[in-house]
Amino acid sequence: MFAPKIACQTLPYSEFPFERAVQGIAAAGYPYFSFGVTHQGQETPSPLDPDATVLGYAQQVRNAGMEPVMMFRPRAELTGDGGIDQFKRRLDQAKLIGVEQVLAWGPWGYKSWPEERFSDEELEALAAPWYEAMALAAKHAEEVGVTIVFKPHTGVTATAALCRRTVERIGSPAVAVCYDGGNVSFYEGIDPAEDLKACADVTRALCVKDHVGPRANALFPCPGDGEVDHESMLRTLAAYDFAGPVAVERFEGHHKKADMSAELVDKLAAKAYQHLRTVVERVSAEL
């Protein structure tokens, strides 16, 4: 059954305390919530936090009337010192608080953004350690019953086809796609509504950001005000009984994030929610 879970990441509130993010997202009307990833420079939660602290964060979310459905991967790189242990710890934290998905992405695909990409051979060499480490993380995800979802972010997860290839290469039932149309538009300059079709059947979440203009144009307005057709993407996913998170990531548009008041973030968060709710209702009515 088509039943998207409209959520907001805490990323738009990164300049403010976690508690203020919970307050704003709840007031905006979201029934679901996504942790991610820092507040006033501190990773929240940190993979180093004790269980009691992580449970406390989740309780704040539930006390505000929302259900947490997604967490970001740790800030530590998977292939760096202690990275695999921190990634496994994040999976354990997700299991602890009843979160179904941990969001991740593949290695960066550019020697120099935005013009000089790594060659296929160079990218393969750079990605080999990541694939090896991710296989271990995926095995742990299977053991604890959490799904790792990859979003497009250049490199081996740049497009729907590459996301599919990466998921198939890892070959774990605990690995799927979180499609990010805004990233595909921004980084690749292609139509995400058409691109998504190449991985729709293995997509378990959407990361929502809108985008305006050509490739590498860093303008991300409130969802519904740009050129990314999330309604078309949800219509594509409805054919596969999509019931995963649809998580808003950003909406600052022309504003400089550091200068935005909490009240402005609240207003845009609410606008994004109303847009997505309307879109989901329209798509549902067609089924």
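You'll find the structure just up there.
Residues numbered from 1 in each chain as written. Predicted model: local features only at pLDDT ≥ 70, side-chain atom pairs only at ≥ 80, totals over all residues. Heavy atoms only, no water.

Student: Mind laying out the packing of aromatic side chains, listing which residues take part and the relevant values?
Tutor: Evaluation of the coordinates by the stated rule reveals 16 aromatic pairs. With 4.9 Å between their ring centres and 70° between their planes, F18 and Y57 make a pair best called edge-to-face. Residue F18 is found in helix α1 (residues 18-27), and its partner Y57 is found in helix α2 (residues 51-63); the two are separated by 39 residues along the sequence. Residue F18 is classed as buried on the basis of its relative accessible area, which comes to 4%. Both rings, one in Y110 and one in W113, keep their centres 5.0 Å apart while their planes meet at 85°; by these two values the pair is edge-to-face. Cluster of aromatic residues (ring-pair linked, three or more members): W108, Y110, W113, F186, Y187 and F220. The ring of W105 has K151 sitting right over it, with the charged end atom 5.6 Å from the ring centre. (Phe/Tyr/Trp six-rings, centres within 6.5 Å; stacked < 30°, edge-to-face > 60°. Helix = DSSP H or I, 4+ residues; strand = E, 2+ residues; numbered from the N terminus. Buried < 20%, exposed > 50% of the residue type's maximum accessible area, 1.4 Å probe, protein only. Lys NZ or Arg CZ within 6 Å of the ring centre and 35° of its normal.)

Student: Tell me about α1, and name the residues and values.
Tutor: Taken together, the buried positions of α1 are F18, R20, A21, V22, G24 and I25. Where the residues of α1 are buried, they touch β1 (5-9), β2 (32-35), β3 (38-39), α2 and α9 (262-286). Just beyond α1, the residue with positive phi is G29, at close to 105°. (Contact = heavy atoms within 4.5 Å.)

Student: Run through the packing of helix α8 (residues 230-238) against α9, naming residues and quoting values.
Tutor: Look at α8 against α9: their axes get within 10 Å of each other, and the N-to-C directions meet at 40°. By the angle between their axes, α8 is oblique relative to α9. By crossing handedness, the relation of α8 to α9 is classed as right-handed. Every residue of α9 that contacts α8 at E231, L234, R235 and A238 is listed here: V279, V280, R282, V283 and E286. The residue inventory of the contact of α8 with α9, partitioned by class, reads five nonpolar, no polar and four charged. (Axes fitted to C-alpha atoms, helices over the stretch in contact; angles between N-to-C directions. Parallel < 35°, antiparallel > 145°, perpendicular 65-115°, else oblique. Left-handed = near helix turned anticlockwise from the far one by under 90°. Nonpolar A, V, L, I, M, F, W, Y, C, P; charged D, E, K, R; others polar.)

Student: Help me get a handle on the sheet that holds strand β10 (residues 175-179), residues and values and all.
Tutor: Read around the closed barrel, eight strands run β1-β2-β5-β6-β9-β10-β11-β12, paired in parallel fashion. Adjacent strand axes in the sheet meet at a mean angle of 30° when their direction is disregarded. Across the face of the sheet, α1 comes into contact with β1 and β2 while running at roughly 155° to β2. Across the sheet, α9 lies against β1, β11 (203-208) and β12 (245-248), angled at about 160° from β1, the strand it touches most. (Pairing = 2+ DSSP bridges.)

Student: Quick rundown of the pairing of strand β5 (residues 67-72)? Include the residues and the values.
Tutor: Counting buried positions along β5 gives five out of six residues, so the element sits mostly inside the fold. Bridge count for β2 against β5 is four bridges, and the pairing is parallel. Within β5, the residue paired with Y32 across the bridge is E67. Crossover handedness for the path β5 to helix α3 (residues 83-97) to strand β6 (residues 101-104): right-handed. (Right-handed = clockwise from strand over helix to strand, strands pointing away.)

Student: Which residues make up helix α5 (residues 160-170), and what values go with them?
Tutor: Considered for burial, the residues of α5 that qualify are A160, C163, T166, V167 and I170. Projected down its long axis, α5 shows its buried positions confined to an angular sector of 125°, all on one face. Away from its buried face, by an angle of more than 90 degrees, α5 presents the exposed residues R165 and E168. Buried residues along α5 sit in contact with α4 (120-144), β9 (147-150), β10 and α7 (192-195). Count one or two residues on from α5 and you reach G171, which has phi positive near 65°. (Arc of directions from axis to C-beta.)

Student: Account for the pattern of salt bridges, naming residues and giving values.
Tutor: Side chains carrying opposite charge are able to pair once their charged atoms draw close together. Inspection of every chain in the model, using the stated rule, returns 23 salt bridges. Note that R20 is salt-bridged to D266, the shortest N-O span being 2.5 Å. Of the two residues, R20 sits in helix α1 while D266 sits in helix α9, which places them 246 residues apart along the sequence. Residue E77 pairs with R73 through a salt bridge whose shortest N-O separation is 3.7 Å. Within the structure, one salt-bridge network assembled from shared partners comprises K151, D180, K209 and E249. (Salt bridge = Lys/Arg side-chain N within 4 Å of Asp/Glu carboxyl O.)

Student: Give a detailed account of the nonpolar core, specifying residues and quantitative values.
Tutor: Core analysis: the biggest nonpolar cluster contains 78 residues, and Y30, F87, M134, I148, F150, Y179 and L234 have the highest contact counts within it. Core analysis: the second largest hydrophobic core is formed by 13 residues, V37, V69, A176 and A205 among them. (Core = buried A, V, L, I, M, F, W, Y, C linked by side-chain atoms within 4.5 Å.)

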